[in-house]
Amino acid sequence: MKILLVTGPSGAGKDSLLRLAGQYFRKDSRLCLVKRYITRQPDSNEQNYFVDHAAFTLLCKNNFFISHWNAHGNFYGIPRTGLPDKKENTLAIISISRQNVGDFERCFERVTTLGIKVDPDILRRRLRARGREDDKSIEKRLQRTASPIKARRMLHFDNSAELACSGKQFLDLLDSLAEE
Ligand SMILES: Nc1ncnc2c1ncn2[C@@H]1O[C@H](COP(=O)(O)OP(=O)(O)OP(=O)(O)O)[C@@H](O)[C@H]1O
């Protein structure tokens, strides 16, 4: 198994790109999109499991997650059971928080981390259009400066172009990683 960790600031387009990948590679056994457990209702862009706080805490206690984190008051977890067989050459694609890269690098050999980025003005426009947060929390998110991610193998992807264009490049990237 190979792992691709998808990271990037809120609104960078992780869910949009992964949804596209899910549609495009639906019948392709080379890739597996790992579903997350989240303590907030998923929006229409996401393919996740919703659980409440109590259920999430219980799952944590039972070592159900290979990695879990808290972001903006919500909890996210990657289930051990969601990963493909270690012996297969499947590319497992997992959207995570940048601080959790080490959880996977400690357990698996073939881990690539992909940082999704977007021009800040475009990001602001997209976050406003998405309408999930108010302007104040959008500005707070935009002001957060992130230090470079420490990853064994780091790749970068610019999602500033419209989805019709960047989506195609993203699918090509996944295709080449699946072939490795
Ligand atoms: N390439 C793109 N072109 C135009 N709009 C885009 C593009 N990528 C994403 N968007 C839009 O930007 C908004 C944010 O995208 P999305 O929700 O996928 O980001 P995210 O990285 O998953 O955010 P979060 O981490 O907060 O869940 C959405 O409304 C989405 O439709």
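Residues numbered from 1 in each chain as written. Predicted model: local features only at pLDDT ≥ 70, side-chain atom pairs only at ≥ 80, totals over all residues. Heavy atoms only, no water.

You'll find the chain entered in an unreviewed UniProt entry as Putative component of phosphonate metabolism, with Desulfocapsa sulfexigens given as the organism.

A. Region of interest: the overall build of the chain. Scanning the chain from N- to C-terminus turns up six helices and nine strands. Whereas a compact globule of 180 residues would reach a radius of gyration of roughly 16 Å, the chain reaches 16 Å, a difference of no more than 12%. Seen along its three principal axes, the alpha-carbon backbone of the chain occupies a region of about 45 × 40 × 30 Å. Burial statistics for the chain: of 180 residues in total, 42% are counted as buried. Restricting the contact set of the chain to residue pairs at least 6 apart, pairs at least 24 apart contribute 69%. Entry remark: accessible area of the chain is about 10,200 Å², with carbon and sulfur atoms responsible for 50%. (Helix = DSSP H or I, 4+ residues; strand = E, 2+ residues; numbered from the N terminus. Rg over C-alpha atoms; globule rule 2.2 N^0.38 Å. Buried < 20%, exposed > 50% of the residue type's maximum accessible area, 1.4 Å probe, protein only. Contact = heavy atoms within 4.5 Å. Areas by Shrake-Rupley, 256 points an atom, 1.4 Å probe, with all protein chains shown as cover.)

B. Spotlight on unusual backbone geometry. The backbone phi angle of N63 is positive, close to 60 degrees, even though this residue is not glycine. Assignment of secondary structure puts N63 in the loop between helix 2 (53-61) and strand 5 (65-71). For H72, which is not glycine, the phi dihedral falls at a positive 50 degrees. Within the secondary structure, H72 sits in the loop between strand 5 and strand 6 (74-79). With a relative accessible area of 46%, H72 lands in the partly exposed category.

C. Expanded view of the packing of helix 1 (residues 14-24) against helix 6 (residues 163-179). Contact geometry for helix 1 and helix 6: axes closest at 10 Å, N-to-C directions at 60 degrees. The element helix 1 and its partner helix 6 pack so that their crossing is right-handed. Every residue of helix 6 that contacts helix 1 at S16, L17, L18, L20, A21 and Y24 is listed here: L163, S166, G167, F170, L171 and L174. Its residues assigned to classes, the contact of helix 1 with helix 6 comprises nine nonpolar, three polar and no charged. (Axes fitted to C-alpha atoms, helices over the stretch in contact; angles between N-to-C directions. Left-handed = near helix turned anticlockwise from the far one by under 90°. Nonpolar A, V, L, I, M, F, W, Y, C, P; charged D, E, K, R; others polar.)

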